[in-house]
Amino acid sequence: MFNNKNSMSKNAPADGNSVNLIGAGTSIQGDIQSTNDIRIDGTLKGTINTKGKLVVGPSGNIEGEIHCQQADISGNVRGKIVVAELLALKATGKISG
């Protein structure tokens, strides 16, 4: 059952990319900087700067400035948002800034 020493590495992405997740019920105050994708289902008050994709889930709330390559907004965003490539605003998404 535990004889495979590399069982953990099989679950890791081959290219080293990972998704950073702030789950529902979690509240963070501060700035986030990442080279990978970010998904927010909780609350963030601060700045997000990522070279990847930002996903704000239906329960997600962001108050602050956002800089990203792509964004998929299903929750609430209050503040300045700068997207280099593609911004997708879903039916439940709200942006005010």
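As the structure is a computational prediction, the values presented were derived from the model and not from experiment.

J.: Can you help me understand the sheet that holds strand S10 (residues 76–78) in this one?
T.: In sheet architecture, strand pairing relies on hydrogen bonds along the backbone and comes in two forms, parallel and antiparallel. The strand order S2-S5-S8-S10-S12 describes an open sheet built from five strands, whose pairing is parallel. The outermost strands of the open sheet, each flanked by one partner alone, are strand S2 (27–29) and strand S12 (94–96). When the angles between neighbouring strand axes are averaged without regard to direction, this sheet yields 5°. As paired strands, S10 and S12 are joined by three bridges and run parallel to one another. Paired with Arg78 across the bridge in S12 is Ser96.

J.: Would you mind showing me how to read the side chain of Ser74 here?
T.: Mapped onto the fold, Ser74 is located in the loop between strand S9 (66–73) and S10. A relative accessible area of 13% places Ser74 in the buried class.

J.: Please explain the pattern of salt bridges as it appears in this structure.
T.: Two side chains that carry opposite charge are able to pair once their charged atoms sit near each other. Counted according to the given criterion, the structure contains two salt bridges. The salt bridge partner of Arg39 is Asp41, with a shortest N-O separation of 2.9 Å. Judged by its relative accessible area of 31%, Arg39 falls in the partly exposed class. Exposure remark for Asp41: the relative accessible area of 15% places this residue in the buried category.

J.: Could you clarify how one ought to interpret the confidence of the model for the chain in this entry?
T.: Low pLDDT marks stretches whose predicted atomic positions should not be read closely. Mean pLDDT over the chain stands at 88; residues scoring 70 or higher make up 84%. When the criterion is pLDDT under 50, residues 6–10 qualifies, and its contacts beyond four places in sequence or with other chains add up to one contact.

J.: Even after reading the chapter, I still don't get the side chain of Thr50, so can you show me in this structure?
T.: Assignment of secondary structure puts Thr50 in strand S6 (residues 48–50). The class of Thr50 is buried, set by a relative accessible area of 4%. Among the polar contacts listed, one links the side chain of Thr50 to the backbone oxygen of Asn36, at a separation of 2.6 Å. Apart from residues no more than four positions distant in its own chain, Thr50 is found in contact with Ser34, Thr35, Asn36, Ile38, His67, Cys68 and Gln69.

Each value, and the rule that gives it
The numbers attached to residues start from 1 for each chain and follow its sequence in the written order. Confidence filtering applies because this is a predicted model: local features only for residues at pLDDT of at least 70, side-chain atom pairs given and counted only at 80 or more, and all residues used for totals across whole chains, interfaces and linings. Think of the side-chain values as coming from all heavy atoms in the structure, minus any hydrogens and water. Two strands pair under a simple rule: DSSP has to find at least two bridges between them. Only DSSP runs of H or I covering at least 4 residues are called helices, and only runs of E covering at least 2 are called strands; the numbering of each starts at the N terminus. Lines fitted to C-alpha atoms define the axes here, with helix axes fitted over just the stretch in contact, and angles between the N-to-C directions of these axes take values from 0 to 180 degrees. For every residue, the accessible area (1.4 Å probe, protein chains only) is compared with the maximum for its type, and the residue is labelled buried under 20%, exposed over 50%, or partly exposed between those bounds. By convention in these notes, a salt bridge is any Lys or Arg side-chain nitrogen within 4 Å of a carboxyl oxygen on Asp or Glu. Per residue, pLDDT captures the predictor's confidence, and it can take any value from 0 to 100. Contacts were defined at the residue level, with two residues in contact if any of their heavy atoms lie within 4.5 Å. A 3.5 Å cut-off defines polar contacts: any pair of N or O atoms within that distance qualifies, except that in protein one atom must be a possible hydrogen donor and the other a possible acceptor, and neighbouring residues in sequence count only when both atoms are side-chain atoms.

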